[in-house]
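Inside the fold
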Amino acid sequence: DTGVSQDPRHKITKRGQNVTFRCDPISEHNRLYWYRQTLGQGPEFLTYFQNEAQLEKSRLLSDRFSAERPKGSFSTLEIQRTEQGDSAMYLCASSPQATNEKLFFGSGTQLSVL
Amino acid sequence: AQSVTQLDSHVSVSEGTPVLLRCNYSSSYSPSLFWYVQHPNKGLQLLLKYTSAATLVKGINGFEAEFKKSETSFHLTKPSAHMSDAAEYFCVVSLKAAGNKLTFGGGTRVLVKP
């Protein structure tokens, strides 16, 4: 399968713990995006990368959230000191070049904070 | 700023009858508009996109959408619903000037009755 891959598919954690998610985009895709989707809502933009550079962060991304894409390939999203309100589906998407608007989405990581 | 409003949170149709999902958008500039579909436990899939070419856009699985600038609408239709069309549908707007990040509507859940 050469689509966008996210790991893990599901994560259950206790409040206050740190969690890290990984996204592997489609090979050679320059842009990588993170979105968050809560139950009954559309996905909300969190941040995106052009290669290894993080170009924009939503105000939804509090100081407890950090995303990296160190070599311009895979990306990680870390949430520190998780809160119950962080429970959501975290979606990753990639696109092949800056002018190409079509995004390819992964299946997401479902986070449950108890 | 850009935003999307999906006018119906739920739509119920009988198999073989037409489907209409309504979407209105707001954008300062000429946007690109998309419809994505999300089946349970699957990633978001692009149905179709409008990027200032023909105003009537044909997508996959028999769906099409019409861009009406005067009404700021981008409604999605299908002449005959199939059971496999049961899913959540998202109307989406993006701007190249905003890094092509997508702004999603709240979604419309489609139920298809036999």
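Just so it is clear, the model here is predicted, and its values are computed rather than measured. (Residues numbered from 1 in each chain as written. Chains lettered and ligands numbered in written order. Predicted model: local features only at pLDDT ≥ 70, side-chain atom pairs only at ≥ 80, totals over all residues. Heavy atoms only, no water.)

Side note on the overall build of chain B
Regarding its fold elements, chain B presents zero helices and 12 strands. What you see in chain B, going N to C, is helices and strands ordered as β-β-β-β-β-β-β-β-β-β-β-β. For a compact globule of 114 residues, the expected C-alpha radius of gyration is about 13 Å, and chain B comes in at 13 Å, within 12% of that figure. Among the 114 residues that make up chain B, the fraction classed as buried is 46%. For chain B, the proportion of contacts with a sequence separation of at least 24, taken over those separated by at least 6, is 55%. Element-wise, carbon and sulfur atoms account for 53% of the exposed surface of chain B, whose accessible area totals about 5,500 Å². Seen as two clouds, the 11 positive and the 7 negative side-chain charges of chain B have centres 7 Å apart. (Helix = DSSP H or I, 4+ residues; strand = E, 2+ residues; numbered from the N terminus. Rg over C-alpha atoms; globule rule 2.2 N^0.38 Å. Buried < 20%, exposed > 50% of the residue type's maximum accessible area, 1.4 Å probe, protein only. Contact = heavy atoms within 4.5 Å. Areas by Shrake-Rupley, 256 points an atom, 1.4 Å probe, with all protein chains shown as cover. Lys, Arg positive; Asp, Glu negative; His and termini not counted. Charge placed at Lys NZ, Arg CZ, Asp CG, Glu CD.)

What to know about the pairing of strand 3 (residues 19-24) of chain A
Residue and element names in this part refer to chain A. Side chains Val19, Phe21 and Cys23 project from strand 3 onto a buried face, and the interleaved Thr20, Arg22 and Asp24 project onto a face without burial. Pairing of strand 1 (residues 5-7) with strand 3, which is carried by three bridges, proceeds in the antiparallel orientation. Paired with Gln6 across the strands is Cys23, a residue of strand 3. Where strand 3 lies against strand 8 (residues 75-79), five bridges are found, and the strand directions are antiparallel. Within strand 8, the position partnered with Thr20 by the bridge is Glu78. (Pairing = 2+ DSSP bridges.)

Some thoughts on the side chain of A:Ser94
Residues and elements named next belong to chain A. For Ser94, the position within the fold is in strand 9 (residues 88-95). Its relative accessible area of 0% is what places Ser94 among the buried residues. Of the polar contacts made by the side chain of Ser94, one reaches the backbone nitrogen of Ile26; its length is 3.4 Å. Polar contacts involving the side chain of Ser94 include one to the side chain of His29, which spans 2.7 Å. For Ser94, the residues in contact, after removing those within four places along its chain, are Val4, Pro25, Ile26, His29, Arg31, Leu32, Lys102, Leu103 and Phe104. (Polar contact = N/O pair within 3.5 Å; in protein donor to acceptor, adjacent residues only side chain to side chain.)

Considerations on the interface of chain A and chain B
The interface of chain A with chain B comprises 22 residues on the first partner and 20 residues on the second. For the pair chain A and chain B, the number of links is zero salt bridges. If you look at where chain A meets chain B, you find three residue pairs in polar contact (both at pLDDT 80 or more). Elements represented by at least two residues in the side of chain A that touches chain B include exactly strand 4 (31-37) and strand 5 (44-50) of chain A. For the side of chain A that touches chain B, the element with the most residues is strand 4 of chain A, which contributes four residues. For the side of chain A that touches chain B, the class distribution of residues is nine nonpolar, eight polar and five charged. (Salt bridge = Lys/Arg side-chain N within 4 Å of Asp/Glu carboxyl O. Nonpolar A, V, L, I, M, F, W, Y, C, P; charged D, E, K, R; others polar.)

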